[in-house]
Amino acid sequence: MNTGAPWPTLSLEQAQARVLGIQTKLHRWATDDPDRRFDDLFNLVCDPAFLLVAWHRVRANKGARTAGVDGQTAFYVEKIRGEHVFLAELRADLKARTFAPLPVRERMIPKPGGKQRRLGIATIRDRVVQAACKLVLEPIWEADFRPCSYGFRPGRRAQDAIEEIRYLAARSYEWVLEGDITACFDELSHVGIMDRLRRRIADRRVLGLVKAFLKAGILGEDGAWRDTTTGAPQGGILSPLLSNVALSVLDEHFATIWAAATPDARRRRRQQGQANYRIIRYADDFVVMVSGTREHAETLKAEVAAVLVPMGLRLSEAKTTIAHIDEGLDFLGFRIQRCQQRGSTRRYVYTWPSKKALAAVKAKVRTLTKVMHNQPLRVLLHQLNRVLRGWTTYFRHAASAATFRYLRAFAWRRVVCWLRRKHPRISWKKLRRRYLPGWWPTQGTVVMVNPSAVAIVRYRYRGAKIATPWISGLQGPSA
C-alpha cells in the first residue's frame, strides 16, 4: 500500500479522504477474510495523512486544553512549536523507532457514593500517536465486533442498546442479568489484550507500540511514579478500543451459543423448559436477557465470571443483579419496565429517565444557580442551556414528557430564585418585566431552553442494520 503522501502539501480534506479510503480497504479485507492477520500497518501509523487527521481529532477534543506530564497543551503546540514542525518531528521519531510514550498524569474524578475514578491524561504527542493507531486498528476490529456491542463504536449509541433491551423484553426475554465489572479499566489484563490483538495484527511494531502505551506508567497526584502492570488509562484515546477488544469475549461467547441453534431449535428449547440468552453491552456495562426463569439467570453469573477471567476481570457480587422486566431495571440512565398502558388492559415495555439521571441533572442546575451572581443572566442561561439541551436530547426518545415538564418547572424556579438573590432591591414587577418576558427567563437574544417543548420521538430499533463509516449495515438475526 502506497504511503508516500507529501507532508507539506497535504490539506486536511485530502488527508481525511485518503484515511477513509485506506480504512475502507482494511475493513473490507478484514470482513472478507475473518482469519487474516494484518502486517505492515506501522507505515500507516506513520503516514502523514493519518498523523494529520489524528492531530486534528486531538485538537478538537475538550481535553486538548489539558496538559500531560510534559506540561504541553494543544494550544502550545499550535501557537509556539507549530503544527507541521510538531508532526514532522513526531513522524521522524516513529520512523526511527525512538518514540517512547511518557507516563500518564493521574487525576482523580469524584463518583457518586464518595468513590473516585482514576483518569489518565497522556501527553499531546502520545495522544496523537494513539489516535493514529486507532484510525488503523478500528476498521479491522469493527469487522469482528458483534452487533450486540454499542459503546465506543462508530455510528452506535446508548439509545440503540436501550431499544434492543425493550425489543427483546417484549418478545419473552423477561429476566435480566445486569452485570457490573469491578474496576474494568484498572484491571484489564495486558496479556489478555495483547493475545487478542495478535489474532488480527501481525505487525510487531504496532503491537509493541500498543504494549508501550499500556506499560507507560502513571504519575500520581502525589508526585509518585507507578508501574502499570494491568489496566488501560481511562480517558486515553486508544483505551475504549482496547476495552472493546477485551470485552468482546463476552459478545463472542453468547453469539456462539446463539448461532449454534436454529430458530426451531431455540423454540424447542423453550418448550422443553430450557432458556435462550441475548447479551447487550455498552462498554463495560452489560445486561443478559433471558428467555426462561430466574434460575436460568442465576446460573449465568458463574458462566459470565468464567468468561471474563482470561481478561483479568471480575464480576461485582454486590452490584450484579437479576430482575424481572415487570420489576424494571436502570441501565445507561434509563428506567426500563413493563407497565400497564393507561386506559387499557394491555402491558407494554416503557423506557423513561431514571430517578438517578433526573437527580444528576437537577444537581447540575442547582449548582449553576447557586453561583455566578456577579455574571449577567445571559451567561447563566448559556450554561444552563448546554446542560438542559444535552440532557433532553439524550432522553427525548423515551416516555419523558412528564419528566421534561417537571424539569421545566424546576429550572424556571431555580432561575427566578437566582434573579431574586442577584437583584434584592428590584421589585417583582420590574424583575418580571426586565428578565421574564412572557414569564420565561430571557436576556437579549438568549432564551432558556424549555425542556417541555422538546419533541418526544420513539427511537427506531435498528438491530444489526447499523452502518459503519466504511460499509453499509447487515441484517441481523431476529429474536
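Scope of this entry: the structure provided in the associated data block. None of these values were measured; they are calculated from a predicted model. (Residues numbered from 1 in each chain as written. Predicted model: local features only at pLDDT ≥ 70, side-chain atom pairs only at ≥ 80, totals over all residues. Heavy atoms only, no water.)

### Side note on the sheet that holds strand S11 (residues 347-353)
Next up, step 1: On the basis of which strands lie adjacent, the open sheet formed by three strands has the order S9-S10-S11 and antiparallel pairing. Where the open sheet ends on each side, the last strands, each with one partner, are strand S9 (329-331) and S11. Sheet twist, expressed as the average angle between the axes of neighbouring strands with direction ignored, equals 30 degrees.
Next up, step 2: When strand S10 (residues 334-340) meets S11, the two strands line up antiparallel, connected through seven bridges. Looking across to S11, one finds that Ile336 is bridged to Thr351. (Pairing = 2+ DSSP bridges. Helix = DSSP H or I, 4+ residues; strand = E, 2+ residues; numbered from the N terminus. Axes fitted to C-alpha atoms, helices over the stretch in contact; angles between N-to-C directions.)

### Some points on the packing of aromatic side chains
Next up, step 1: According to the stated counting rule, one finds twelve aromatic pairs in the structure shown.
Next up, step 2: Between Tyr167 and Tyr461, the ring centres sit 4.2 Å apart and the planes meet at 20 degrees, which makes this aromatic pair stacked. Taken together, the positions of Tyr167 in helix H7 (residues 158-169) and Tyr461 in the segment after strand S13 (446-447) put the pair 294 residues apart, joining distant regions of the chain.
Next up, step 3: Considering the side-chain rings of Trp428 and Trp439, the 5.9 Å spacing of their centres and the 50 degrees angle between planes classify their relative orientation as tilted. (Phe/Tyr/Trp six-rings, centres within 6.5 Å; stacked < 30°, edge-to-face > 60°.)

### Considerations on the sheet that holds strand S5 (residues 225-226)
Next up, step 1: Taken in spatial order, the four strands line up as S2-S1-S4-S5 in an open sheet, and their pairing is mixed. Each of the sheet's edge strands pairs with one partner strand only, and the pair in question is strand S2 (116-121) and S5.
Next up, step 2: Across six bridges, the pairing between strand S1 (residues 104-110) and S2 is antiparallel. Within the sheet, the bridge partner assigned to Glu106 lies in S2 and is Gly120.

### Some thoughts on the side chain of Arg127
Next up, step 1: Following the sequence through the fold, Arg127 ends up in helix H6 (residues 124-142).
Next up, step 2: One buried charged side chain, Arg127, makes no salt bridge at all; its nearest oppositely charged neighbour is Asp70, positioned 6.8 Å away.
Next up, step 3: For Arg127, the contacting residues outside a window of four places in its chain are Val58, Gly63, Ala64, Thr66, Ala67, Gly68, Ile121, Ala122 and Ile237. (Buried < 20%, exposed > 50% of the residue type's maximum accessible area, 1.4 Å probe, protein only. Lys, Arg positive; Asp, Glu negative; His and termini not counted. Salt bridge = Lys/Arg side-chain N within 4 Å of Asp/Glu carboxyl O. Contact = heavy atoms within 4.5 Å.)

### Focus: the nonpolar core
Next up, step 1: Within the largest apolar cluster, 82 residues are counted, with the highest numbers of intra-cluster contacts made by Leu41, Leu94, Val128, Leu197, Leu209 and Val288.
Next up, step 2: Of all the elements, H6 adds the most residues to this core, at eleven residues.
Next up, step 3: Sequence-distant contacts of Leu209, that is, excluding residues within four places in its chain, are made with Phe42, Val45, Leu94, Phe99, Val129 and Cys133.
Next up, step 4: Counting residues in hydrophobic clusters, the runner-up holds 52 residues, among them Ile165, Leu381, Leu384 and Leu436. (Core = buried A, V, L, I, M, F, W, Y, C linked by side-chain atoms within 4.5 Å.)

### Concerning a positive patch on the surface
Next up, step 1: A surface patch of positive charge is lined by Lys111, Lys115, Arg117, Lys319 and Lys356.
Next up, step 2: Here Lys356 is to be found in helix H14 (residues 355-368). (Patch = residues over 30% accessible without salt bridge, like charges linked within 9 Å, V, L, I, M, F, W, Y side chains within 5 Å. Areas by Shrake-Rupley, 256 points an atom, 1.4 Å probe, with all protein chains shown as cover. Charge placed at Lys NZ, Arg CZ, Asp CG, Glu CD.)

### Digging into the layout of surface pockets
Next up, step 1: Within this model, the largest pocket holds a volume of roughly 2100 Å³.
Next up, step 2: Forming the boundary of the largest pocket are 49 residues, of which Lys111, Arg117, Asp284, Asp285 and Lys356 lie nearest the centre.
Next up, step 3: Partitioning the lining of the largest pocket into residue classes produces 22 nonpolar, twelve polar and 15 charged. (1 Å grid on protein atoms, 1.4 Å probe; cavity = no way out; pocket = protein on both sides within 12 Å on 5 of 7 lines; lining within 4 Å. Points joined across faces, edges and corners; volume = space filled by probe spheres on them. Nonpolar A, V, L, I, M, F, W, Y, C, P; charged D, E, K, R; others polar.)

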